[in-house]
Amino acid sequence: MVIPSSGFDPPLHEVALLGLPTDEASSFARGAAQGPQGTRQALYSESSNLWSEGGLDLGGMRDVRWHDLGDLELSGGAASRREIEAAVAQQLGQGRRVLSLGGDHAVSYPVLRAYGQHYSDLTVVQIDAHPDLYDEFEGDRYSHACPFARTMETGWITRLVQVGIRTATAHQREQKERFGVEWVERCHWGDPGRVSWTGPVYLSIDLDGFDPGCAPGVSHLEAGGLSPREGLDWIWRIPRLVGADVVELNPSRDRQGVTAALAAKLVKELLARLMETP
Ligand code: MN
Ligand code: MN
């Protein structure tokens, strides 16, 4: 197996890090609105450094090649979705790639509206315990259980590949067929080489895709998930990564900051790959 390394000097692309602090679409427990703050606390903690595994000095590139825009001010409901879409579209219009911090997974729908209109031929890879394909959930079509149904309805996304799924209901299996969603089978969760990659890729990481032993700080614990190393392999093996999000960190349910540390680790490698890949 070829291990990719950071071969680009200087990095090719600028990246915006954008916090989306909302959990009003969460179905079970609130708390993901504190996700961006929890992720940043771990990211900037002196307990680690800001070097990527490939050897990129992210600390030295902050405010030059990547920019922490802080948290977006959100008005709530449909207005929040418009605000998120507009903010992401603005960054894309400036030639930047966007790394969003949730917030619950509902934020990915407006983010992907902006991405779907900016890129033709976009593949979305979603790491998650849940397909999030419900047509509606508890009467809410914009619940965090629905964002990928809404996204696929736009027709702006070419492919949706889901990894880590282990809770699909009969309805969600029907939705999968309806939208032509691809699942990476559980025996291959750790093998990004199973996917034939074409075009730009957006990676959406719901932290509950990981095993609760590695990521207890989420609202929905579902045993039997990915290891952090498997998640990092997806980040490293996507040949053209143009956008990403890390969502569903719920700091109030975390243990000793384990999940926040995982989120921060993912953010570091995502920042590096978003800057480096063509
Ligand atoms: Mn999700
Ligand atoms: Mn989930």
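What counts, and where the lines are drawn
- Residues numbered from 1 in each chain as written.
- Chains lettered and ligands numbered in written order.
- Predicted model: local features only at pLDDT ≥ 70, side-chain atom pairs only at ≥ 80, totals over all residues.
- Heavy atoms only, no water.
- Donors = N, O, S within 2.8 Å, 3.2 Å for Na, K, Ca; no water.
- Helix = DSSP H or I, 4+ residues; strand = E, 2+ residues; numbered from the N terminus.
- Contact = heavy atoms within 4.5 Å.
- Buried < 20%, exposed > 50% of the residue type's maximum accessible area, 1.4 Å probe, protein only.
- Arc of directions from axis to C-beta.

Caption draft 1: Representation of the coordination of the manganese ion (ligand 2). All of the protein donors around the manganese ion (ligand 2) are D128 (OD), H130 (ND1), D206 (OD), D208 (OD) and D208 (OD); their distances to the metal are 2.2 to 2.4 Å. Spacing between the donor residues of the manganese ion (ligand 2) along their common chain follows D-x1-H-x75-D-x1-D. Separating the manganese ion (ligand 2) from the manganese ion (ligand 1) is a distance of 3.2 Å, and D128 supplies a donor atom to each of them. Note that H130 is positioned in the loop between β4 (123-127) and α5 (147-153) and D208 in the loop between β7 (201-206) and α7 (228-237), a separation of 78 residues in sequence.

Caption draft 2: Molecular detail of the coordination of the manganese ion (ligand 1). At 2.1 to 2.2 Å from the manganese ion (ligand 1) lie its protein donor atoms, namely H105 (ND1), D128 (OD), D132 (OD) and D206 (OD). Sequence positions of the residues that donate to the manganese ion (ligand 1) give the spacing H-x22-D-x3-D-x73-D.

Caption draft 3: Just the environment of G231, in detail. Structurally, the position occupied by G231 is in helix α7. When residues no more than four places from it in sequence are discounted, the contact partners of G231 are I127, F210 and L226.

Caption draft 4: Highlighting helix α6 (residues 170-179). Those residues of α6 not exposed but buried are Q172, Q175, K176 and F179. In an axial view of α6, the angular spread of the buried residues amounts to 105°, which keeps them on one side of the axis. Residues of α6 that are exposed and point more than 90 degrees away from the buried face comprise A170, E174 and E177. As for α6, its buried residues are in contact with α5 and β6 (182-184).

Honestly, it's all geometry; don't read function into it.
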